[in-house]
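# What the coordinates show
Here are the chains, one letter per residue:
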Amino acid sequence: MTHDVTDPARAVPGHATSGARRTAPVRRAPGGTRGAGLSGDTWRKRFEILVFVTPALVLIALFVAWPIITAVRFSVYDWKGFGDLTDFVGLENYAEVLGDEVFRSAVAHNAVIVVGSILLQLPLGVAIALLLNRRMRGQGLLRTIIFVPYVLAEVIAAVVWLQLLQPQYGFFDAMTAKVGLTPPDQGWLGTPEYALWVVLLVLTWKYLGLAVLLFLAAMQGISEELYEAAQLDGASWWQTQRQITIPLLGPTMRTWAFLSMIGSIQCFDMIWVLTQGGPANATNTMATYLIDEGTKRHNYGIAGAASVILFVIAFAMALAYQVLILRRDTQDDTQRYTRAERALVGALFRKRKAA
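Keep in mind the model is a prediction, meaning the values are calculated, not measured. Numbers given for residues are sequential positions, taken from 1 along each chain in its written order. Local features in this predicted model are restricted to residues of pLDDT 70 or higher, and side-chain atom pairs are both shown and tallied only at a pLDDT of 80 or more, whereas totals for entire chains, interfaces and linings draw on every residue. Excluding hydrogens and water, the side-chain figures rest on all heavy atoms present in the structure.

### Section: the packing of aromatic side chains
- Aromatic rings from Phe, Tyr and Trp, with only the six-membered ring used for Trp, were paired whenever their centres fell within 6.5 Å, and each pair was classed as stacked if the ring planes differed by under 30 degrees, edge-to-face if by over 60, and tilted otherwise. Per the stated rule, a full pass over the model turns up 14 aromatic pairs.
- Ring geometry for F171 versus F172: centroids 5.4 Å apart, planes at 80°, classification edge-to-face.
- On the numbers, 5.6 Å between centres and 35° between planes, the contact of F258 with Y321 is tilted. Of the two residues, F258 sits in helix α11 (residues 250-265) while Y321 sits in helix α14 (residues 300-324), which places them 63 residues apart along the sequence.
- The rule for a charge over a ring is simple: NZ of Lys or CZ of Arg within 6 Å of the ring centre, and within 35 degrees of the ring normal. Above the ring of W237, the side-chain terminus of R134 is found at 4.8 Å from the ring centroid.
- The lysine or arginine in question, K206, covers the ring of Y207, its NZ or CZ lying 4.8 Å from the ring centre. Helical segments are the DSSP runs of H or I of at least four residues, strand segments are the runs of E of at least two, and each set is numbered from the N terminus.

Right, here's the structure in full:
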């Protein structure tokens, strides 16, 4: 008599005759979550991640997290830099900083630098980038001349401009006198009415090269097929730049504006060398205010509170800019540029047909 091996009751001794086929147990893959250990490859990958990430985390902890914690700690004490932290004052330092007219004017000066830098450098950077993107003699030399100021250290650039703007003997006072104009008696940096605007122009000269470099790099990534389609459609050079190049520079412009905004809020070294916040606090910024309170007046509690307020303002502006403006650039670059290119080329053809 033969037995059917597929019969579960006969194939497995002791199995109940339920009429249902017995299924083989599922074997879990190595590294499973239930009762299985991690494989050697998984441990190796985690160890490699730990090795590469640890130095960065240590640097962040030492030079970012710890200074922030220390500033917050100092900000709630009335401390002159000597002895232990014993005179706890709570939020009084913050109230004093926010109520100080000098600090409020410093915030206003930072706002002027932020807005003025974007309004000056953005159109100038785009215009110079469009010019340098065309084939011409000395193109490489012109690009170098534009970018050299950004490479210079801030202190060196500030010292050079400080000499050029010296009253009576400086280059600009001499040129002003030669054309028949009378320069300010105290110099351009010594007159409160002109000092902030002169500093803004110096900052524009210093950082314009970065904007030009970023815009030129973005232009190299624009497909040549778009320009060929525009030429076949009869578009002029200006129409091509206005309807193709400039719109496709949008993501780069927004990224540069973010960098410019954060840099303008934290601006310190060039202003400190040029004016030290003067004359009469006319060029004072939040950074120069806290340095002045800490190093000159030895009010480290006030300086700590000002630094925390500066950090909160910069963080809030960066977060708002990220959520409101940069969020549109988080989609896939290929899909975004494909849609933009189709829309722009279609607009060129429709405009040509309508003409």
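### Section: the nonpolar core
- Working definition of a nonpolar core: buried Ala, Val, Leu, Ile, Met, Phe, Trp, Tyr and Cys residues. They are joined through side-chain atoms within 4.5 Å. Under the scheme applied here, a residue whose accessible area is under 20% of the maximum for its type counts as buried, over 50% as exposed, and between as partly exposed, the area being computed with a 1.4 Å probe on protein chains only. If you look at the biggest cluster of nonpolar residues, it comprises 38 residues, and the most contacted ones within it are V97, F103, F215, F258, M261 and I265.
- With 9 residues, α14 is the single largest residue contributor to this core.
- Note on contacts: a residue pair is in contact if any heavy atoms of the two residues lie within 4.5 Å. Once residues lying within four places of it in the same chain are set aside, the contact partners of F258 are A318, Y321 and L326.
- If you look at the next biggest cluster of nonpolar residues, it comprises 15 residues, including A157, V198, L203 and M270.

### Observations regarding α14
- Expected helix span is given by 1.5 Å per residue-to-residue step, counting one fewer step than there are residues. The end-to-end C-alpha distance of α14 is 36 Å, a good match for the 36 Å that 25 residues give at a rise of 1.5 Å each.
- The set of residues buried in α14 consists of G301, I302, A303, G304, A305, A306, V308, I309, L310, A314, A318 and Y321.
- Looking at the buried side of α14, the elements it contacts are α2 (40-74), α3 (92-99), α4 (101-132), α11 and α13 (286-296).

### Some words on the pattern of salt bridges
- Whenever Lys or Arg places a side-chain nitrogen within 4 Å of a carboxyl oxygen from Asp or Glu, that contact is recorded as a salt bridge. In this structure the tally under the stated criterion is 7 salt bridges.
- Taking the shortest distance from any N to any O, the salt bridge between E48 and R44 comes out at 3.1 Å. Of this pair, E48 and R44 both sit in helix α2, 4 residues apart, which is roughly one turn of the helix.
- With relative accessibility at 35%, the residue E48 sits in the partly exposed group.
- The closest approach of N and O atoms between K296 and D292, which form a salt bridge, is 3.9 Å.

### Focus on the environment of R297
- Structurally, R297 is set in the loop between α13 and α14.
- Residues R297 and K80 lie 217 residues apart in sequence; the distance between their C-alpha atoms is 8.5 Å.
- Any pair of N or O atoms that falls within 3.5 Å is considered a polar contact. Within protein, one atom must be able to donate a hydrogen and the other to accept it, and sequence-neighbouring residues count only if both atoms are side-chain atoms. Looking at R297, its side chain comes within polar contact range of the side chain of D292, at 3.1 Å.

### Some points on the side chain of S75
- Structurally, S75 can be placed in the loop between α2 and α3.
- Engagement of the side chain of S75 in a polar contact is seen with the backbone oxygen of V72, the distance being 2.6 Å.
- Polar contacts involving the side chain of S75 include one to the side chain of Y94, which spans 2.6 Å.
- Aside from chain neighbours lying at most four places away, what touches S75 is G90, N93, Y94, G301, G304, A305 and V308.

### Considering the packing of helix α8 (residues 192-220) against α11
- Lines fitted to C-alpha atoms define the axes, with helix axes restricted to the stretch in contact, and inter-axis angles between N-to-C directions lie between 0 and 180 degrees. Relative to each other, α8 and α11 sit at 155°, their axes nearing to 10 Å. Relative to α11, the element α8 is oriented roughly antiparallel. Viewed along their axes, α8 and α11 form a crossing whose handedness is right-handed. Counted together, A211, L214, F215 and A218 of α8 and T252, M253 and W256 of α11 form the full contact between these two elements. An angle below 35 degrees is treated as roughly parallel, one above 145 as roughly antiparallel, one from 65 to 115 as roughly perpendicular, and anything else as oblique. Rotating anticlockwise by less than a right angle from the far helix to the near helix defines a left-handed crossing, while the corresponding clockwise rotation defines a right-handed one.

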